[in-house]
Amino acid sequence: MIIDVVELTKKLISFPSITPQDAGAINFLKEILEKYNFNCHCLDFSNGSVTVKNLYARFSNKSPNLCFAGHTDVVPPGDIKQWISDPFKPEIRNGILYGRGAVDMKTTICAFIVAVLELLNEKYEIDGSISLIITGDEEGDFSDYGTKSVLKWMRQNQQEIDYCIVGEPTSKDALGDTIKIGSRGSANFNLKCYGTQGHVAYSQFADNPVSRMMLMLQRIKDSVPDRGSEYFDPSNCEITTVDVGNDTTNIIPGLITARFNVRYNDHYTPDILFALINNICSEVTKKYELSMDKGREVFVVTPNQYTDIIVDSIKKITGINAKFSTSGGTSDAAFIKDMCPVVEFGLLNKTAHKIDENVAVDDIYKITRIYKEFIKNFFELKKL
Ligand SMILES: [Zn+2]
């Protein structure tokens, strides 16, 4: 029996799996994959209050192992009244499928699964394994319990993957025009600067930390950017908040805090970035505290024969020559890159996270064919 990829997508979209809710989405995929002899492991990881559901499914035990990675969680729909149709009751209008997760990224999960099932149905001999890493938390604050934890489990259980494709929406204007070979890293910083509280009229007895904070932030903002590199835009610092919390007009505050985010390219590692910023702060004052939340790190895959196979597959199905990009947000590819080469390729990202998120039905069938071609090319390449 062959599953229609559009029907499968509609079913998966109908689970309201808003991060970190799973709403049955992972189990739905597990049941399908088990029917087709995938060995499935439901991996639930928890921080005590929130549990993230994940799935690792593998067909065959042979090597090499080609992996698809994706997430079933979606961002909240926003004001449902603004949607033309219910975000969790997928609807096709004029050849376009509407629903939350249509491009980010339930459709590509279904496309990859159907691509594999069609190959099996056509008696295509898979000379290796095919696996899927599906996480229930990519969009939220608990991504530590998603792909990152699954990879840890895989290492502990000798589950190795040789190449991974992540189905995030990478296409800009037409399906297949862009694939992502890397992304900038993202690090969040907290900075506190201390002074001595006092009366504005008796400033000689106080020590105002506000101007020191301003000076530090300006120097950090000026120092972080580089010239960019072969595949990357320059690094950038954005100050997201500065707080004194002073609602009087006559008190010099004793404390000021700030937060900023740095999107950094391959000129930096998190440690080098921290050292640079710490050094800037210490030149301004000794009365500060700086901390960093590493988040997802920078990665880039130098184009090689593996990136060629996805480019060739896209060209064959769409006629388009895909371009390499590292722009846009970070994804779980930043974790997977520590295990094997990884590339991101998926649908048009124009409506991702938006009201009336949608995908052209034609693109759903096309991307299924691209993934199918890609799987065949991968195993052909490995045979050589
Ligand atoms: Zn996504």
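Residues numbered from 1 in each chain as written. Predicted model: local features only at pLDDT ≥ 70, side-chain atom pairs only at ≥ 80, totals over all residues. Heavy atoms only, no water.

Under an unreviewed UniProt entry, the name given to the protein chain is Succinyl-diaminopimelate desuccinylase, and the organism recorded is Candidatus Mesenet longicola. Entered under Pathway (unreviewed entry) in the UniProt record, the comment concerning the protein chain runs "Amino-acid biosynthesis; L-lysine biosynthesis via DAP pathway; LL-2,6-diaminopimelate from (S)-tetrahydrodipicolinate (succinylase route): step 3/3." According to its UniProt record, the protein chain has this under Function (unreviewed entry): "Catalyzes the hydrolysis of N-succinyl-L,L-diaminopimelic acid (SDAP), forming succinate and LL-2,6-diaminopimelate (DAP), an intermediate involved in the bacterial biosynthesis of lysine and meso-diaminopimelic acid, an essential component of bacterial cell walls." (UniProt positions renumbered as here; feature names shortened; annotations may be inferred.)

Draft legend 1. Fine view of the overall build of the protein chain. What the protein chain contains, in helices and strands, is nine helices and 19 strands. Its C-alpha atoms give the protein chain principal-axis dimensions of about 85 × 50 × 40 Å. Scored against the burial criterion, the 384 residues of the protein chain give a buried share of 54%. Approximately 17200 Å² of the protein chain is accessible, and the part contributed by carbon and sulfur atoms is 47%. Charged side chains of the protein chain number 42 positive and 50 negative; the gap between the two group centres comes to 0 Å. (Helix = DSSP H or I, 4+ residues; strand = E, 2+ residues; numbered from the N terminus. Buried < 20%, exposed > 50% of the residue type's maximum accessible area, 1.4 Å probe, protein only. Areas by Shrake-Rupley, 256 points an atom, 1.4 Å probe, with all protein chains shown as cover. Lys, Arg positive; Asp, Glu negative; His and termini not counted. Charge placed at Lys NZ, Arg CZ, Asp CG, Glu CD.)

Draft legend 2. Examining the coordination of the zinc ion more closely. The protein atoms that coordinate the zinc ion are H71 (NE2), D104 (OD), E168 (OE) and E168 (OE), at distances of 1.9 to 2.8 Å. Each donor residue of the zinc ion belongs to the same chain, and together they define the spacing H-x32-D-x63-E. Residue H71 is found in strand β3 (residues 65-71), and its partner E168 is found in the loop between β7 (163-166) and β8 (178-180); the two are separated by 97 residues along the sequence. (Donors = N, O, S within 2.8 Å, 3.2 Å for Na, K, Ca; no water.)

Draft legend 3. View of the UniProt feature "binding site: Zn(2+) 2" (unreviewed entry) in the protein chain. On the UniProt side, "binding site: Zn(2+) 2" (unreviewed entry) is annotated at positions that read D104, E139 and H353 here. For this annotated set, covering 250 residues, all C-alpha atoms fall within 10.1 Å of each other, a compact arrangement in space. If you trace the backbone, D104 turns up in the loop between β5 (96-98) and α3 (106-121). For D104, a relative accessible area of 7% corresponds to the buried category. When residues no more than four places from it in sequence are discounted, the contact partners of D104 are H71, D73, V74, E139, E168, P169, A352, H353 and E357. Inspection of the secondary structure assignment puts E139 in the loop between β6 (129-135) and α4 (147-156). (Contact = heavy atoms within 4.5 Å.)

Draft legend 4. Geometry of the domain arrangement of the protein chain. The domains assigned to the protein chain are domain 1 (5-183 + 298-383) and domain 2 (193-293). A separation of 38 Å is found between the C-alpha centroids of domain 1 and domain 2. Contact with domain 1, which involves 10 residues of that partner, is made by seven residues of domain 2. Together, the buried faces of domain 1 and domain 2 total about 640 Å²; carbon and sulfur atoms form 69% of this surface. It is V298, V300 and T326 that lose the most area in domain 1 upon contact with domain 2, and together they represent 63% of the buried surface on that side. Counting every contact that joins domain 1 to domain 2 gives zero salt bridges. At the junction of domain 1 and domain 2, the tally comes to one residue pair in polar contact (both at pLDDT 80 or more). (Domains from an automatic or database assignment. Buried area = accessible area lost by both parts, 1.4 Å probe. Salt bridge = Lys/Arg side-chain N within 4 Å of Asp/Glu carboxyl O. Polar contact = N/O pair within 3.5 Å; in protein donor to acceptor, adjacent residues only side chain to side chain.)

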